[in-house]
Amino acid sequence: MDSKQSDDLLGLDDADDDYCETYCEESGSPEEIAFDEAVGALEEILMMDDEFTDIQTQFFEEHCDKFKNDEENRVEYTAVFEDYTALMESTLERKLCERIASFDMHSFETQLISRKDEIGGDIFDLLLSFSDFTEFKSMILAHKADRDGTGVQLGDCIHVSNFNENAMSMSP
């Protein structure tokens, strides 16, 4: 089977060639190659896709004031979390379908579960936020803290002083 026939089996078109050269492993079963391509596309979407990031940020901005940084999880949080999950999953599926011809989310989800150790930590955490309320709450509270300027800033951890002045005050 030549490369073009292999691409046809995977549902790839010529526009995906450069993408596949970068992200796809060229050996393995068609399922492994398709999984590698989907993971590459997933990483690109989650880490570099401005539209995806803007949708998530806009959602957090619209809803973060409903959340408080305490142990209590109010009933209203559940509806917000369900809306977030539905929005992000549908956006992610749409974006993956735009990048990969004949992409099948159900098949990919099954593979993700069985091959979760092959997914990077940042990617896994973001995917986890779609199904784990605690992770979601942490992310929306972090957004709120950043927006309000109440989050920990690097400058809060650094103390700058003039070494020469300190050294002079210590000398006899």
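Residues numbered from 1 in each chain as written. Predicted model: local features only at pLDDT ≥ 70, side-chain atom pairs only at ≥ 80, totals over all residues. Heavy atoms only, no water.

**Topic: the overall build of the protein**
Within the protein, the secondary structure is distributed over ten helices and zero strands. Of the regular secondary structure in the protein, the N- to C-terminal order runs α-α-α-α-α-α-α-α-α-α. Counting every position in the protein, which comprises 172 residues, the buried fraction comes to 35%. Counted over contacts in the protein with a minimum sequence separation of 6, partners at least 24 positions apart contribute 70%. Carbon together with sulfur atoms contributes 51% to the accessible area of the protein, which is approximately 11000 Å² in total. (Helix = DSSP H or I, 4+ residues; strand = E, 2+ residues; numbered from the N terminus. Buried < 20%, exposed > 50% of the residue type's maximum accessible area, 1.4 Å probe, protein only. Contact = heavy atoms within 4.5 Å. Areas by Shrake-Rupley, 256 points an atom, 1.4 Å probe, with all protein chains shown as cover.)

**What to know about the packing of helix H3 (residues 30–48) against helix H6 (residues 105–114)**
At their nearest, the axes of H3 and H6 sit 11 Å apart, and the two run at 90 degrees to each other. It follows from the interaxial angle that H3 and H6 lie roughly perpendicular. Contact residues: Glu31, Phe35, Ala38, Val39 and Leu42 in H3; Phe108, Gln111 and Leu112 in H6. Its residues assigned to classes, the contact of H3 with H6 comprises six nonpolar, one polar and one charged. (Axes fitted to C-alpha atoms, helices over the stretch in contact; angles between N-to-C directions. Parallel < 35°, antiparallel > 145°, perpendicular 65-115°, else oblique. Nonpolar A, V, L, I, M, F, W, Y, C, P; charged D, E, K, R; others polar.)

**Some points on the packing of aromatic side chains**
Within the structure shown, the criterion is met by 13 aromatic pairs. Seen from their ring centres, Phe67 and Tyr77 are 4.2 Å apart, and the 20 degrees between their planes marks the pair as stacked. In this pair, Phe67 sits in the loop between helix H4 (50–63) and helix H5 (75–99) while Tyr77 sits in helix H5, placing the two residues ten residues apart along the sequence. Look at Phe67 and you get buried, because its relative accessible area is 0%. A residue is classified by how much of its surface remains accessible, and Tyr77, at 1% relative accessible area, is buried. Here a set of aromatic residues connected by ring pairs shows up, and it is made of Phe59, Phe60, Phe67, Tyr77, Phe81, Tyr84, Phe130, Phe133 and Phe136. (Phe/Tyr/Trp six-rings, centres within 6.5 Å; stacked < 30°, edge-to-face > 60°.)

**So, the layout of surface pockets**
In this structure, the largest pocket occupies an estimated 390 Å³ of space. Lining the largest pocket are 14 residues, and of these Glu109, Leu112, Leu127, Leu128 and Ser131 lie nearest its centre. Of all the secondary-structure elements, those providing two or more residues to the lining of the largest pocket are H5, H6 and helix H7 (121–129). Element by element, the count of residues in the lining of the largest pocket is highest for H6, at five residues. In this structure, the second largest pocket spans a volume of roughly 250 Å³. Along the wall of the second largest pocket there are 15 residues; nearest its centre are Ala34, Phe35, Asp104, Ser107 and Gln111. Secondary-structure elements contributing two or more residues to the lining of the second largest pocket are H3 and H6. In terms of residue class, the lining of the second largest pocket is built from nine nonpolar, three polar and three charged. (1 Å grid on protein atoms, 1.4 Å probe; cavity = no way out; pocket = protein on both sides within 12 Å on 5 of 7 lines; lining within 4 Å. Points joined across faces, edges and corners; volume = space filled by probe spheres on them.)

**Things to note about helix H8 (residues 133–148)**
For H8, spanning 16 residues, the distance from its first C-alpha to its last is 22 Å, which sits close to the expected 22 Å at 1.5 Å a residue. Considered for burial, the residues of H8 that qualify are Phe136, Lys137, Met139, Ile140, Leu141, His143, Lys144 and Ala145. Packing partners of the buried residues in H8 comprise H4, H5 and H7. The positive-phi residue at the C-terminal boundary of H8 is Gly149, with phi of around 75 degrees. (Expected span 1.5 Å × (residues − 1).)

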